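Given next are the chains, with one letter for each unit.
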Amino acid sequence: MLSTKIEGINIEQPYIGKVYIENDLITCNNGRLKLTLSPNDFLNYESGDIISIMPDGIVSILYRTSWQDLTLFVTNQCNSACIMCPQVCDNSGHFLNMNLQILELRPENVKHIGITGGEPTVFPDVVVELLNRVHDIYPDTPVSFLTNGRAFKNLNLVKKITSIGHSKLLFCIPLYAANYEQHDYIVGSKGAFVDTIKGIFNLFRMRQLVEIRTVLFSKTIGNIKLLADYISRNLPFVRHVAIMGMEYSGYAAKNSNEFWIDPFDYKEILDSTALSLYRRGMMTSIYNIPLCLLTERVRFLARDSISAWKKTYPISCNTCSVKEQCCGIFETSINISEHIIPL
Ligand code: SF4
């Protein structure tokens, strides 16, 4: 069995603990086991960090209080197979126990919680249990539930989640086209468009908050105007529409020759699409695209959207006057626009 030894203690199962630093002594505690950690220049521990130590000895930071954004990763599994998925999915099951352990440590300063995967609803009972615990501990914290929405064609699942009563739960659901042929092609799964639309209507029926997300890359940019029309005509009840730049990692990186499109080259299409949604009264945001790659008149829709642990700024950004407001770029992306110029 794989295990690592710290202070003579064998770590045979993933260990989740909270970091405490006092008088230069770094310890980690999960209520059952307290360990002393060596300083680590790479991880640069801070008090309040939630870390994991795996049996192979790898230590990771799962949450820093300075992030304020707690991500609960439910599973690597998925019931779709998006051609540009930034992750490589597998059949490794779910991580409910790990997530419950993280929550029991009461991560501090949490302003937002993300529930993500894979596709979390591949394990519906896990999702219900996790959301219940999230609601117990963080009843007033906004939660973004990243899902393809297909499982919500089952109204009973929607009812179970609704009964938890978390009033700030937002279902963030991707749509890539206004028709089933193109959407199903992109998500690599026949019937996905119909499932997702049924799911969105079931969530609406149970008065849940829905955000539509769409990602811009070479295969979707031609659909985006029709999609915006479709959303504003057929799904006007959604709380928010997020138009997103692509993270070129995973399958997106593998196929980047085919998928890459510089945001600079689609900025006019994005401009007219985003403004058409906004002018029709839809709450609209642009995620993951630096301000310098947007037309001036849609910059007010741009959000600082890239998670702290994934974002970076090219050196040239140091002289930019809007760096504080800019989302930067994905550190995990293999493609970077050649048009990033300080404003
Ligand atoms: S130069 Fe850098 S900080 Fe400024 S808008 Fe572009 S990406 Fe953002």
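Calculation criteria
Every chain is numbered independently, its residues counted from 1 as its sequence is written. With pLDDT at 70 or above as the cut-off, local features in this predicted model cover only qualifying residues; side-chain atom pairs require 80 or more to be listed or tallied, and sums for whole chains, interfaces and linings still use all residues. Neither water nor hydrogens contribute to the side-chain values; these are computed over all heavy atoms in the structure. The way it works is that DSSP assigns letters per residue, a run of H or I at least four long becomes a helix, a run of E at least two long becomes a strand, and they are numbered from the N terminus. Only the C-alpha atoms count toward the radius of gyration. The rule for a globule is 2.2 Å times the residue count to the power 0.38. Accessible area is worked out with a 1.4 Å probe on protein chains only. A residue is then buried under 20% of its type maximum, exposed over 50%, and partly exposed in between. Throughout, a contact is declared for two residues whenever any of their heavy atoms are within 4.5 Å. Using the Shrake-Rupley algorithm and a 1.4 Å probe, accessible areas are obtained, with residue cover drawn only from the displayed protein chains. Neither His nor the chain ends is counted toward charge; the positive residues are Lys and Arg and the negative residues Asp and Glu. Taken as the charge centre is NZ of Lys, CZ of Arg, CG of Asp or CD of Glu, depending on the residue. Note on terminology: near, applied to a residue and a molecule or strand, indicates that one of the residue's heavy atoms is within 4 Å of it. We place a 1 Å grid over just the protein atoms. Points where a 1.4 Å probe fits but has no way out form a cavity, open points with protein on both sides within 12 Å along at least 5 of 7 lines form a pocket, and any residue with an atom within 4 Å of a point lines it. Think of it this way: a molecule belongs to a cavity or pocket when more than half its atoms come within 2 Å of the grid points there. Being paired, for any two strands, means DSSP has found at least two bridges between them. Angles shown run from 0 to 180 degrees and are taken between the N-to-C directions of axes, each axis being a line fitted to C-alpha atoms and, for helices, limited to the stretch in contact. Domain extents, as shown, originate in an automatic or database domain assignment. Using a 1.4 Å probe, buried area is obtained as the accessible area two parts lose upon being combined, added over both of them. Salt bridges are counted wherever a side-chain nitrogen of Lys or Arg sits within 4 Å of a carboxyl oxygen of Asp or Glu. Contacts described as polar in this section are N or O atom pairs within 3.5 Å, which, within protein, must combine one atom able to donate a hydrogen with one able to accept it, while residues neighboring in sequence count only if both atoms come from side chains. Grid points are joined across faces, edges and corners, and a volume is the space filled by probe spheres set on the points. Polarity classes work like this: nonpolar for Ala, Val, Leu, Ile, Met, Phe, Trp, Tyr, Cys and Pro, charged for Asp, Glu, Lys and Arg, and polar for all others, with Gly in that last group.

1. Here's the deal with the overall build of the protein chain
Each helix and strand in the protein chain was counted, giving nine helices and 16 strands. For the protein chain, the C-alpha radius of gyration of 21 Å lies close to 20 Å, the compact-globule estimate for 343 residues. Here the C-alpha coordinates of the protein chain stretch approximately 60 × 55 × 35 Å along the principal axes. For the protein chain, the proportion of its 343 residues judged to be buried stands at 52%. A separation threshold of at least 6 residues defines the contact pool for the protein chain, and within that pool the share at least 24 residues apart is 68%. Roughly 16,500 Å² of accessible area belongs to the protein chain as shown, and the carbon and sulfur atoms make up 51% of that amount. Computed over 32 positive and 33 negative side-chain charges, the inter-centroid distance for the protein chain is 9 Å.

2. Regarding the site of the ligand
In the vicinity of the ligand, the contacting residues are Pro290, Leu291, Cys292, Cys317, Cys320, Val322, Lys323, Cys326, Ile340, Ile341 and Pro342. More than half of the atoms belonging to the ligand lie within 2 Å of the grid points that define the second largest cavity.

3. Observations regarding the sheet that holds strand β3 (residues 15-22)
Taken in spatial order, the five strands line up as β5-β4-β3-β6-β7 in an open sheet, and their pairing is antiparallel. If you trace the sheet from one side to the other, it starts and ends with β5 (34-37) and β7 (59-63), each paired once. When the angles between neighbouring strand axes are averaged without regard to direction, this sheet yields 35 degrees. The pairing of strand β4 (residues 25-29) with β5 spans four bridges and is antiparallel. Considered in β5, the bridge of Ile26 is made with Leu37. On top of the sheet, helix α1 (residues 96-104) reaches β3, β6 (50-53) and β7; it is set at about 25 degrees to β3, its chief contact.

4. A few points about the domain arrangement of the protein chain
In terms of domains, the protein chain is made up of domain 1 (1-61) and domain 2 (67-330). Each partner contributes residues to the interface: domain 1 has 11 residues there, and domain 2 has eight residues. For the pair domain 1 and domain 2, the two sides together bury roughly 730 Å², of which 70% comes from carbon and sulfur. On the domain 1 side of the interface with domain 2, the three residues burying the most area are Ile16, Lys18 and Ile50, jointly 62% of the side's total. Viewed at the interface, domain 2 and domain 1 are joined by one salt bridge. Across the pair Glu108 and Lys18 runs a salt bridge, and its minimum N-O distance is 2.8 Å.

5. Re the side chain of Asn202
Tracing the sequence through the fold places Asn202 in helix α5 (residues 192-205). Taking the relative accessible area as the measure of exposure, Asn202 reaches 10% and is therefore buried. A distance of 2.8 Å separates a polar atom in the side chain of Asn202 from the backbone oxygen of Phe152.

6. Some thoughts on empty space enclosed by the protein
In the structure shown here, the tally under the stated rule is two cavities of 30 Å³ or more. There is about 190 Å³ of room inside the largest cavity. Around the largest cavity, the lining comprises 20 residues; the ones closest to its centre are Met246, Trp260, Pro263, Asn288 and Asn335. Residues that form the lining of the largest cavity fall into these classes: 14 nonpolar, six polar and no charged. Its boundaries defined by the atoms lining it, the second largest cavity holds a volume of some 100 Å³.

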